[in-house]
Amino acid sequence: MNKTILFSLLFIFSLSLNGCFGVCNDCNENILKDPYKAVVLERNVFESSVKTLPSQDIVKSGKIYIKDNLMFVNDLNRGFQVYNYSNPQTPTKIGFIQIPGATDLSIRANVIYINQAVDLVTLTYNPTNNSIVVNHRNKDVFPQKNSPNGTIPTVNENQIVVDWKL
């Protein structure tokens with residue numbers, strides 16, 4: 001009889017603890033949820049987004065690259081502001097290469113290599129008329145951009161993360 005009472009008490013006690021470990025939809029959601037939201041483009045929009053525009057103000061500057069009389073200043077995840085750098089004391093804006101998701105470039109033999117989010121894009125730039133020609137696109141060379149907190153994005157197969165916003 002004592003065993004029956006003891007098992008009954010243990011059973012009731014375990015049921016009372018069940019409420020402590022149940023699923024809580026509101027409890028820690030705000031603590032665990034990443035405050036950043038992925039900025040996503042569909043693959044076809046992403047690939048057609050590379051173009052030259054008139055000079056723009058830089059929102060968040062990144063790396064700087066100088067080649068001959070040109071200076072490229074990265075506007076993180078937006079593109080590159082291009083300057084005439086023939087006089088380093090007074091560089092003048094030429095134009096802006098819009099390339100969403102871009103954070104870096106390299107130049108070899110006048111071919112510009114840019115990481116555009118997950119792709120590696122090669123292009124040639126004509127500073128005289130601020131125009132570009134996309135020569136080639138290597139798809140899915142790089143992984144999707146993680147959030148600033150390190151969260152891995154969940155996106156559809158044809159979607160590319162080009163930036164993160166709070």
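Residues numbered from 1 in each chain as written. Predicted model: local features only at pLDDT ≥ 70, side-chain atom pairs only at ≥ 80, totals over all residues. Heavy atoms only, no water.

J.: How should the overall build of the chain be read in this particular structure?
T.: In terms of regular secondary structure, the chain is built from 3 helices and 11 strands. Its helices and strands in sequence order give the chain the pattern α-α-β-α-β-β-β-β-β-β-β-β-β-β, from N to C terminus. Of all 166 residues assigned to the chain, the portion counted as buried reaches 30%. Long-range pairs, those at least 24 residues apart, make up 46% of the contacts in the chain between residues at least 6 apart in sequence. A total accessible area of about 10900 Å² is found for the chain, and carbon and sulfur atoms account for 55% of it. (Helix = DSSP H or I, 4+ residues; strand = E, 2+ residues; numbered from the N terminus. Buried < 20%, exposed > 50% of the residue type's maximum accessible area, 1.4 Å probe, protein only. Contact = heavy atoms within 4.5 Å. Areas by Shrake-Rupley, 256 points an atom, 1.4 Å probe, with all protein chains shown as cover.)

J.: Is there a simple way to think about the packing of aromatic side chains in this case?
T.: Aromatic ring pairs are defined here through the distance separating the ring centres and the angle between the ring planes. On inspection of all chains with the given rule, the structure shows 1 aromatic pair. Seen in terms of ring centroids, Phe72 and Tyr125 are 6.2 Å apart; in terms of plane orientation they differ by 75 degrees. Their pairing is edge-to-face. Within this pair, whereas Phe72 is found in strand β4 (residues 70-75), its partner Tyr125 is found in strand β9 (residues 119-126), the two being separated by 53 residues in sequence. Residue Phe72 is classed as buried on the basis of its relative accessible area, which comes to 2%. (Phe/Tyr/Trp six-rings, centres within 6.5 Å; stacked < 30°, edge-to-face > 60°.)

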